[in-house]
Amino acid sequence: MKISVIVPIYNKVEYIERCFRQLLAQDMDDIEVVAVDDGSTDGSGDLCDQLSGDARLRVFHTPNQGVTAARRYGVEQAQGEYIVFVDSDDELLPGALRTLYDAISQTSADEVIATFCTHNGIQSPVVYQGEVNPTDLVRAIIAGKNRFPVLWAAIFRRTILEGCLDTPRDIIEGEDKLMQVMVLMKRPRVWFITDCVYRYTLGVPNTRRRTLEREMLYDRLLRQTLAPQWSELHSAFVLHQLKEYEKFICDGHMEVRHNYYIKAIGTLPAGIPLYDRVVWALPPLLSRPVIKLYRTIIQIKQHRL
C-alpha cells in the first residue's frame, strides 16, 4: 500500500459524502481511506458505514476522544507507506495524491507540503519552494507567521510521525501545529511544491473556547518539544506567548496578564517586533484598542489581496 488517507470525523454529516467522493476519485489505485468516526452524534458514523461499499474505504468507530486521538488511531490502522491527513469538511483536488506521491518519491523527502485553495477560490500564497530548513519552519509556526499548510495539503513518510500524535485531549486548538512542530524537531527532509492539492472549507462553526488553563498546558508541551533547540527558538516561543496574550486581551480577559503572562514571559528577548513590544508595555486597558486597530488594518490588507 502506497498511501493511507486519514480522515477524522466528528459531527460533519453534511460534508462526508463529498469528501469521500473526491478521495475515491483520485487517479491512484494503491491507496486506502481510513475514516475514524470519533463518537459522532449526528449520524456521521452511520453515513460512513453506508458509503463503505468501496474496498478502499475502511471505517472505524471510536468513543469520542478528540481529533488528535482519532488521527493517531487512523495511523495505527493504516497500511500505507505514506500518510495524508484530510479533514472531513474539506476535500482533495483531482490528482492530488498522485502529485504528492510523485514529489515525495522523486525527492526522497520525509514530508512534502503543497498549496491549497479555499472553497470560494482564494489561493494560498507560495511561501517556499524546494527543500527548507526545518528550524525555519518551526520558528514560523510557533510565532504564528506560517502562511503554508501545517497538516493538510501535505504527505508524510509514515515513520516520521512516530511519537508525534500524543497531544492530550485538552489541547483542542493548535493541536495540528504542535504535531507538525514535533515532526520538524526530528530534523526531517522537508520539500515544498507549488501545486494546489487541497480545498479548505472556511467558516465551519466550532465550539472551541480558549481558556488560560489550556494555554498554559499548550505552552508547557511546546516548550518541552522545543527543548533540544531552545536557544535558537526561545524568541519565537515568546512571540507565540505574546500573540496568545494579545488574543486574550482583545477578548477582554485582562486578568491573564497578572495571572500568568508577566511571570511566564518575563523580560522580552531580542527579535520581538516593535508592535508586540509596545502592546506588552502598555496596560491591558490601553493595549486592547491598539490590538483591535492593528487587527482591523491587517484584515483590510488581506481583503484587498
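If you're wondering where the values come from, they're calculated on a predicted model, not measured in any experiment.

### Topic: the packing of helix α7 (residues 212-226) against helix α9 (residues 256-265)
Where α7 contacts α9, the axes come no closer than 12 Å and their chain directions differ by 5 degrees. Classed by the angle they form, the pair α7 and α9 counts as roughly parallel. Only Val-256, Asn-259, Tyr-260 and Tyr-261 of α9 make contact with α7, whose side of the interface consists of Leu-212, Glu-215, Met-216 and Asp-219. The residue inventory of the contact of α7 with α9, partitioned by class, reads five nonpolar, one polar and two charged.

### Some details on the side chain of Glu-244
The residue Glu-244 is located in helix α8 (residues 230-250) in this model. Sequence-distant contacts of Glu-244, that is, excluding residues within four places in its chain, are made with Arg-210, Glu-215 and Tyr-261.

### Let's talk about unusual backbone geometry
Its identity as a non-glycine residue notwithstanding, Ala-153 has a phi of 65 degrees, on the positive side. Counting through the fold element by element, Ala-153 comes out in the loop between α5 (134-142) and β8 (154-157). The exposure class of Ala-153 is buried, given its relative accessible area of 1%.

### Remarks on the side chain of Ser-44
Within the fold, Ser-44 resides in helix α2 (residues 44-50). Classification of Ser-44 as buried rests on a relative accessible area of 0%. Setting aside residues no more than four positions away along its own chain, Ser-44 makes contact with Ile-9, Asn-11, Lys-12, Val-13 and Ile-16.

### Structural notes on the pairing of strand β3 (residues 57-62)
Each regular strand displays side chains that alternate between the two surfaces of the sheet. Here strand β2 (residues 31-38) runs beside β3; their pairing, made up of six bridges, is parallel. What sits directly across from Asp-37, in β3, is His-61. For the segment spanning β2, α2 and β3, crossover handedness is right-handed.

### Some remarks on the nonpolar core
Judged by nonpolar contacts, the single largest core of 61 residues is most densely connected at Phe-85, Leu-161, Leu-226 and Tyr-261. If you tally residues by element for this core, the top one is α8, at 10 residues. Ignoring anything within four residues of it in the chain, the contact list for Leu-226 reads Val-138, Ile-142, Val-181, Met-185, Leu-233 and Phe-237. Ile-31, Leu-47, Trp-152 and Ile-155 belong to the second-largest nonpolar core, a separate cluster that totals 37 residues.

Cut-offs used in this document
The residue numbers shown here count from 1 along each chain, following its written sequence. Since the coordinates come from a predicted model, pLDDT governs what is reported: local features require at least 70, and pairs of side-chain atoms require 80 or more to be given and counted, while whole-chain, interface and lining totals use all residues. No hydrogens and no water enter the side-chain calculation; it runs on all heavy atoms of the structure. Structural elements are reduced to axes, namely lines fitted to C-alpha atoms, with helices fitted over the stretch in contact, and the angle between N-to-C directions of any two is expressed from 0 to 180 degrees. The helix count covers DSSP runs of H or I at least four residues long, the strand count covers runs of E at least two residues long, and both are numbered beginning at the N terminus. Here is the rule for angles: anything less than 35 degrees is roughly parallel, anything more than 145 is roughly antiparallel, 65 through 115 is roughly perpendicular, and the remaining ranges are oblique. Between two residues, a contact is recorded if the distance between any of their heavy atoms is within 4.5 Å. Under the scheme applied, nonpolar residues are Ala, Val, Leu, Ile, Met, Phe, Trp, Tyr, Cys and Pro; charged residues are Asp, Glu, Lys and Arg; polar residues are all the others, including Gly. Whether a residue is buried, partly exposed or exposed follows from its accessible area with a 1.4 Å probe, protein chains only, as a fraction of its type maximum: under 20%, in between, or over 50%, in that order. Only when DSSP finds a minimum of two bridges between them are two strands counted as paired. Note on handedness: a crossover is taken as right-handed if, strands pointing away from the viewer, the path from the first strand over the helix to the second is clockwise. To form a nonpolar core, buried Ala, Val, Leu, Ile, Met, Phe, Trp, Tyr and Cys residues must be joined to one another through side-chain atoms within 4.5 Å.

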